[in-house]
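The lines below spell out each chain.
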Amino acid sequence: MATIVSLDPRVSRWKLADEPARTDEKPSLDQFQTFEVFHQQKSGAHHVHVGSIHAPNAEMALVLAKEQYGRRGPSMNMWVVDTRHVTTLRAEDSDIFETTPEKTYRDVGAYMVRNKVEAYKKEQANNAPETPEQSQ
Amino acid sequence: MSTAHTPLANMLLRMADDALILAHRHSEWTGLGPLLEADIAFSSIAQDTLGHALALYTILEQECGFAKPDTVAFTRTETAFTSCWFVELPNGEYDFSLMRQYLFSVAHYVRFASLRESSFEPLAQLARKVTGEVKYHLYHGTTWVQQLAISGNEESKARMQQALQTAWPFALGMFEPGTLDSQLVEQAVFVGEPVLQDEWTSIVQELCHNTGLTIPTESSPLYGGRKGYHSEHLAPLLLEMNEVFTIDPNAEW
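Everything in this summary refers to the structure shown in the same document. (Residues numbered from 1 in each chain as written. Chains lettered and ligands numbered in written order. Predicted model: local features only at pLDDT ≥ 70, side-chain atom pairs only at ≥ 80, totals over all residues. Heavy atoms only, no water.)

1. Considering the overall build of chain B
Counting its regular elements, chain B contains twelve helices and zero strands. Element order for chain B, N to C, with α for helix and β for strand: α-α-α-α-α-α-α-α-α-α-α-α. The C-alpha atoms of chain B give 18 Å as radius of gyration, which agrees with the globular expectation for 253 residues (18 Å, within 12%). If one aligns the C-alpha atoms of chain B with their principal axes, the spans along those axes are about 50 × 45 × 30 Å. Each of the 253 residues in chain B was classed as buried or not, and the buried ones make up 58%. Here the analysis covers contacts within chain B between residues at least 6 apart in sequence; of these, 80% occur between residues at least 24 apart. Between the averaged position of the 14 positive side-chain charges in chain B and that of its 31 negative side-chain charges there is a distance of 4 Å. (Helix = DSSP H or I, 4+ residues; strand = E, 2+ residues; numbered from the N terminus. Rg over C-alpha atoms; globule rule 2.2 N^0.38 Å. Buried < 20%, exposed > 50% of the residue type's maximum accessible area, 1.4 Å probe, protein only. Contact = heavy atoms within 4.5 Å. Lys, Arg positive; Asp, Glu negative; His and termini not counted. Charge placed at Lys NZ, Arg CZ, Asp CG, Glu CD.)

In structure tokens:
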């Protein structure tokens, strides 16, 4: 049997004194790539972006994402997507979403459906037969 | 001491002890995992496994007249433990820990899968309840071993093979039968260790076939744990695990 030494510092302390201090530069990328995690709370619900995760590939990302993002609260499913596959705008281009003030008719609030819905509800309430409680 | 128990208590106790001791070993990785995400996953598996131990000790208390789970878990001496040697071995490097997590999760998976049909209803209920957790443990172990044995590099492949080599005789010890198991098999409480070992072996063989790992051939199982004989690693583990409980057994958490 091979000698197995615990890595738990409480069991076998690191021999820090034996290791010379590292002076070499840290490489620019010494981490795994990232994957974006999309979490689905229940069947039929949207997969919602919840964060990212380090992993060497998609299979490992899914295994690790399950505990990272799925261990609290209800979960149904998960997607992981290679971060490099996400196409996005540059931050300085966010001004393309700005619109001139006079085009409020494009805003959701500009639609007048609500008035019609409320009028319909009122009409229904007036036409409804009296409930038994009211008649007594 | 273990021989004084009923066949049922004997079986439940070895399952509980295996889960408790391995949960403790797994938990030693908390804060030391190779990357944050892996650390969280391994710690969760430790927590789940500890939960399985608690559930089993609770059945022992309610159905077999054992003391409270904490008392059974934290106050027994080494020789009263019926865990196998496999779970008490130190963590070693991450390769060995992963290989052990994988091999144990396969055993756990086939055991609980068959116990869902147990004639002993409290155990069948528990087996059904933990299905999802046990499946994730298997998924975690399988994916890691596949990654390191196929997608990794020469070093990772060699390390996984070495880990399998080291683990094998101990892993076979998970299936050391209890002396009174035949009664349980007759009563359909469980299918018996040899059946579980066969199912375990075929799953592990398939993974090895797919990943190019070689199962050691000249290797006989390491028995003794079920009778209270243990390696030199269990006593220090118990000392550490029981430290807080020993200071104040009535502490409220």
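2. Concerning empty space enclosed by the protein
Residues and elements named next belong to chain B. Enumeration over the complete set of coordinates arrives at three cavities of 30 Å³ or more. When its volume is computed, the largest cavity comes out at roughly 130 Å³. In terms of lining, the largest cavity is formed by M11, R14, M15, D18, F104, A107, H108, R111, M174, E193 and R226. At the level of secondary structure, the elements contributing two or more residues to the lining of the largest cavity comprise α1 (7-27) and α5 (94-115). Partitioned by chemical class, the residues of the lining of the largest cavity number five nonpolar, one polar and five charged. (1 Å grid on protein atoms, 1.4 Å probe; cavity = no way out; pocket = protein on both sides within 12 Å on 5 of 7 lines; lining within 4 Å. Points joined across faces, edges and corners; volume = space filled by probe spheres on them. Nonpolar A, V, L, I, M, F, W, Y, C, P; charged D, E, K, R; others polar.)

3. Remarks on the sheet that holds strand β1 (residues 34-40) of chain A
All names here are of chain A. Judged by pairing direction, the sheet is antiparallel, and its three strands sit side by side in the order β2-β1-β3 without closing on themselves. On the outer flanks of this sheet lie β2 (47-54) and β3 (77-82), each paired with one strand and no other. Strand-to-strand twist in this sheet, taken as the mean axis angle between neighbours without regard to direction, amounts to 30°. Sheet analysis places β1 next to β3, joined by six bridges and oriented antiparallel. What sits directly across from V37, in β3, is V80. (Pairing = 2+ DSSP bridges. Axes fitted to C-alpha atoms, helices over the stretch in contact; angles between N-to-C directions.)

4. Concerning the packing of aromatic side chains
Residues and elements named next belong to chain B. If you walk through the whole model with that rule in mind, you get eight aromatic pairs over all chains. Geometrically, the ring pair formed by F74 and F245 is tilted, given 5.3 Å between the ring centres and 40° between the ring planes. Here F245 lies in helix α12 (residues 243-247) and F74 lies in helix α3 (residues 69-75), a separation of 171 residues in the sequence. Judged by centre distance (6.3 Å) and plane angle (70°), the rings of Y136 and Y139 are edge-to-face. (Phe/Tyr/Trp six-rings, centres within 6.5 Å; stacked < 30°, edge-to-face > 60°.)

5. Comments concerning the layout of surface pockets
Reported here for the largest pocket is a volume of approximately 490 Å³. Looking at the largest pocket, it is lined by 20 residues, and the ones nearest its centre are F32 of chain A together with W144, L148, N153 and S156 of chain B. When contributions to the lining of the largest pocket are tallied by element, the ones reaching two or more residues are α5, α7 (131-151) and α8 (154-172) of chain B. What the second largest pocket holds in volume is close to 390 Å³. Along the wall of the second largest pocket there are 19 residues; nearest its centre are D70, A73, F74, F245 and W253 of chain B. Only α2 (36-64), α3, α11 (234-241) and α12 of chain B provide two or more residues apiece to the lining of the second largest pocket. Of the residues belonging to the lining of the second largest pocket, the class tally is 14 nonpolar, one polar and four charged.

6. Describing the packing of α8 of chain B against helix α10 (residues 193-211) of chain B
All names here are of chain B. In contact at an axis separation of 13 Å, α8 and α10 are set at 170° when each is read in the N-to-C sense. As the angle between them shows, α8 and α10 are arranged roughly antiparallel. Of the two possible hands of crossing, α8 and α10 adopt the one that is right-handed. Two secondary-structure elements touch here, α8 through L164, W168, A171 and L172 and α10 through Q197, W200, V204 and C208. Along the lines of polarity and charge, the residues of the contact of α8 with α10 split into seven nonpolar, one polar and no charged. (Parallel < 35°, antiparallel > 145°, perpendicular 65-115°, else oblique. Left-handed = near helix turned anticlockwise from the far one by under 90°.)

7. Digging into the pattern of salt bridges
Residues and elements named next belong to chain B. Counted according to the given criterion, the structure contains 15 salt bridges over all chains. Put simply, D95 and R159 hold a salt bridge, and the shortest N to O gap is 3.1 Å. Here R159 lies in helix α8 and D95 lies in helix α5, a separation of 64 residues in the sequence. Overlapping salt bridges bring together R14, R111, D181 and E193 as one network. (Salt bridge = Lys/Arg side-chain N within 4 Å of Asp/Glu carboxyl O.)

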